[in-house]
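Secondary and tertiary structure notes
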Amino acid sequence: MERIRIIDSKKHVGEVVTIAGWIANKRSSGKIAFLQIRDGSAFFQGVVVKNEVGEEVFDLAKSLNQETSVIITGEIREDTRSKFGYEIGVQGIEVVGESHDYPITPKEHGTDFLMDHRHLWLRSSRQHAIMQIRNEMIRATYEFFNTRGFIKIDPPILTSSAPEGTTELFHTDYFGEEAYLSQTGQLYLEAAAMAFGKVFSFGPTFRAEKSKTRRHLTEFWMMEPEMAFVKHDESLEIQEQYVAFMIECVLENCDYALDVLGRDKDLLKSYTELPYPRISYDDAVTLLQENGFEDIEWDDDFGSPHETFIANHFSKPVFILNFPKSMSPFYMKPHPDRDDVVIRADMIAPEGYGEIIGGSERAIGYDYLMEQLEKDQLNYDDYAWYLDLNKYGPVPHSGFGLGLERAVTWVSGIEHVREASPFPRLLHRIYP
Ligand code: 4AD
Ligand code: MG
């Protein structure tokens, strides 16, 4: 008998097959039991009818505890009453491993309790849907960049540089020398772009963020492309095409997951229409001041209410351009006509999800970069290699970083970034 995955039920209607999985839930009345079965690919219902299977199998079905692992034999049928559309008419049940007092029951649990049981919470249908969407966005990322001539470069995680500022670093001892967990692979990717033209990285990055918000993780995955001979306007076009492509792929391949999460698919579809609006930092400040945010001043960082207002104003992802130099990292290209702003853009997601991409055109010029290092009190010896790039054929180049978990949180339409990571690392949370 063929072992199939629940997700492939459609291809096996009318066949007798086996499913290897776990009992997610169960209810029974006198002569019929309904088993909610999950096998990692999807969830569906197993129907056990006493008159068909006999007393022994029926009693076994009724005795199964939540999360008992089983191999079920039965016939795949259409089930028009369920969202999934298929069920299995159970003929036989083999118990593989028992389960006792599974702590996560179908009733409501508090967030701390669920976070303490993250290793088990991952088994729920909601978490399953979110991880499917995350997986699809990762797959789409590779497809998007691989089909556009980018090559994947893996920057180091242990590093001596701190391009995004020195306040949020995880320090570690590297054989007596100070090292950090990487905040971004960017500087290494710039070196790689000078070697390979178009590169991208996709890996974990770390920020010792002291902020306890629904957008901040201390460990998150960043997708970072870097492109030689590409000016910032072209980079913005790639950013919006990339985001729209990820959403198209999720709409196409994660229909069921979006239904489980109750995500508005028409709204998601509207985010695939390009271009995304662009607004300058200057105009964004004016817009905020004219709309009740009187105390925001030019040179202030935007907080989450400001970002939410701007994004809602456009009901689309929006680029904010040309930020003040004073609040931007040292590596950003100064504006050609103004010395107070840099060629940077943040992409703000709609619906209050905040910044999902930070990007810029990169500064070139040995002397300029030397000055910036000094101004930021960064140690020349740690960046000598980076400055070398300016001695041997420097070219205009641009890049950006998309925070995977923030993007997944938005596309999934969930409340908090912690559910977009399988084992999230947050302020005061490193267990499990
Ligand atoms: O804006 P950031 O700090 O940009 C960089 O690190 C650049 N060096 C990237 C580049 O140009 N190659 O971070 C990029 C993105 C943010 O827009 C956000 O989506 C995400 O990373 N991010 C976080 N996500 C979760 N938790 C945090 N603490 C995050 N900090 C940044
Ligand atoms: Mg940023």
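Scroll up a little and you will see the structure.
Quick caveat: nothing in here was measured; it's all calculated off a predicted structure.

1. Structural notes on the packing of aromatic side chains
The relation between two aromatic rings is expressed through the spacing of the ring centres and the mutual angle of the planes. A complete count under the given rule lists 25 aromatic pairs for this structure. When the centroid spacing of 6.0 Å and the interplanar angle of 40° are considered together, the rings of Tyr-142 and Phe-202 count as tilted. Placement of the pair is Tyr-142 in helix 5 (residues 125-146) and Phe-202 in strand 10 (residues 198-206), with a sequence separation of 60 residues. Look at Tyr-142 and you get partly exposed, because its relative accessible area is 29%. Ring plane angle 65° and centroid distance 5.6 Å describe the contact between Phe-293 and Phe-309, whose orientation is recorded as edge-to-face. Here Phe-309 lies in helix 11 (residues 304-314) and Phe-293 lies in the loop between helix 10 (281-289) and helix 11, a separation of 16 residues in the sequence. The partly exposed category is assigned to Phe-309, whose relative accessible area is 22%.

2. Description of the layout of surface pockets
Approximately 830 Å³ is the volume found for the second largest pocket. Lining the second largest pocket are 33 residues, and of these Gln-36, Phe-43, Ser-124, Ser-125 and Arg-126 sit closest to its centre. Of the residues that constitute the lining of the second largest pocket, the class distribution is 13 nonpolar, ten polar and ten charged. For the lining of the second largest pocket, the two domains that each supply at least three residues are domain 1 (6-97) and domain 2 (119-419).

3. Description of the site of ligand 1
Neighbouring residues of ligand 1: 22 residues in total, closest Glu-164, Gln-186, Leu-217, Glu-224 and Glu-355. Within the side chain of Glu-224, one N or O atom sits 2.6 Å away from a nitrogen atom of ligand 1. Interatomic distance of 3.2 Å between a backbone N/O atom of Gly-403 and an oxygen atom of ligand 1. Starting from 630 Å² of accessible surface for ligand 1 in isolation, the protein chains cover 93%. Those elements that place two or more of their residues in the shell around ligand 1 are strand 11 (219-228), strand 15 (354-361) and strand 16 (397-403). Taken together, the residues that form the shell around ligand 1 break down as seven nonpolar, seven polar and eight charged.

Rules used throughout
Residues numbered from 1 in each chain as written. Chains lettered and ligands numbered in written order. Predicted model: local features only at pLDDT ≥ 70, side-chain atom pairs only at ≥ 80, totals over all residues. Heavy atoms only, no water. Phe/Tyr/Trp six-rings, centres within 6.5 Å; stacked < 30°, edge-to-face > 60°. Helix = DSSP H or I, 4+ residues; strand = E, 2+ residues; numbered from the N terminus. Buried < 20%, exposed > 50% of the residue type's maximum accessible area, 1.4 Å probe, protein only. 1 Å grid on protein atoms, 1.4 Å probe; cavity = no way out; pocket = protein on both sides within 12 Å on 5 of 7 lines; lining within 4 Å. Points joined across faces, edges and corners; volume = space filled by probe spheres on them. Nonpolar A, V, L, I, M, F, W, Y, C, P; charged D, E, K, R; others polar. Domains from an automatic or database assignment. Near = heavy atom within 4 Å. Polar contact = N/O pair within 3.5 Å; in protein donor to acceptor, adjacent residues only side chain to side chain. Areas by Shrake-Rupley, 256 points an atom, 1.4 Å probe, with all protein chains shown as cover.

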